[in-house]
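This is what each chain is made of:
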Amino acid sequence: MSRFPLLHGIVLVALLARSGIFPARAASPPPPAPVAARAVSLFDGKTLAGWEGAPGVWKVEDGCIVGGSPSLTLKQNEFLATTGRHTNFIFRVKFKLTG
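From a predicted model like this one, the values you see are computed outputs, not experimental measurements.

A. Geometry of the pairing of strand β3 (residues 64-67). Where strand β2 (residues 58-61) and β3 come together, 4 bridges link them in antiparallel fashion. For E61, the partnering residue across the bridge sits in β3 and is C64. The hairpin turn running from β2 into β3, its antiparallel successor, is 2 residues long, and D62 in that turn takes a positive phi close to 50 degrees.

Here's what the structure looks like:
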């Protein structure tokens, strides 16, 4: 048994750190570009181009996507989905429920 167990432990940790088992703190990533510079709208405000959903359920009115109507009774859930593939995004939406 060693007479200096603490010293041996410190040396072991130092060797492991130097070997790369304990990686050094990674450099900070560059700051993101301003949101307005990279924002992409998925809705053109006029049509449902690039979207898929049940016809008659989804429509565009006054620049907004509208689903259903007070006179329409749905027997099941209906969804509207983009036809594109998107990753790493921020979803911003304003909605109004009436009934």
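Next comes the rest of the account.
B. Main features of the environment of G67. Position of G67 among the secondary structure elements: in strand β3. Since its relative accessible area comes to 46%, G67 is described here as partly exposed. The spatial distance from the C-alpha of G67 to the C-alpha of E78 is 8.7 Å, given a sequence separation of 11 residues. Setting aside chain neighbours within four positions, we find G67 in contact with V57 and W58.

C. The arrangement of the layout of surface pockets in detail. Considering only enclosed or pocket space, the largest pocket measures out at about 1700 Å³ in volume. Residue lining of the largest pocket: 33 residues in total, with W51, F91, R92, V93 and K94 positioned closest to the centre. Elements represented by at least two residues in the lining of the largest pocket include exactly α2 (35-38), β2 and β3. Of the residues that constitute the lining of the largest pocket, the class distribution is 18 nonpolar, 10 polar and 5 charged.

The rules behind each value
- Residues numbered from 1 in each chain as written.
- Predicted model: local features only at pLDDT ≥ 70, side-chain atom pairs only at ≥ 80, totals over all residues.
- Heavy atoms only, no water.
- Pairing = 2+ DSSP bridges.
- Helix = DSSP H or I, 4+ residues; strand = E, 2+ residues; numbered from the N terminus.
- Buried < 20%, exposed > 50% of the residue type's maximum accessible area, 1.4 Å probe, protein only.
- Contact = heavy atoms within 4.5 Å.
- 1 Å grid on protein atoms, 1.4 Å probe; cavity = no way out; pocket = protein on both sides within 12 Å on 5 of 7 lines; lining within 4 Å.
- Points joined across faces, edges and corners; volume = space filled by probe spheres on them.
- Nonpolar A, V, L, I, M, F, W, Y, C, P; charged D, E, K, R; others polar.

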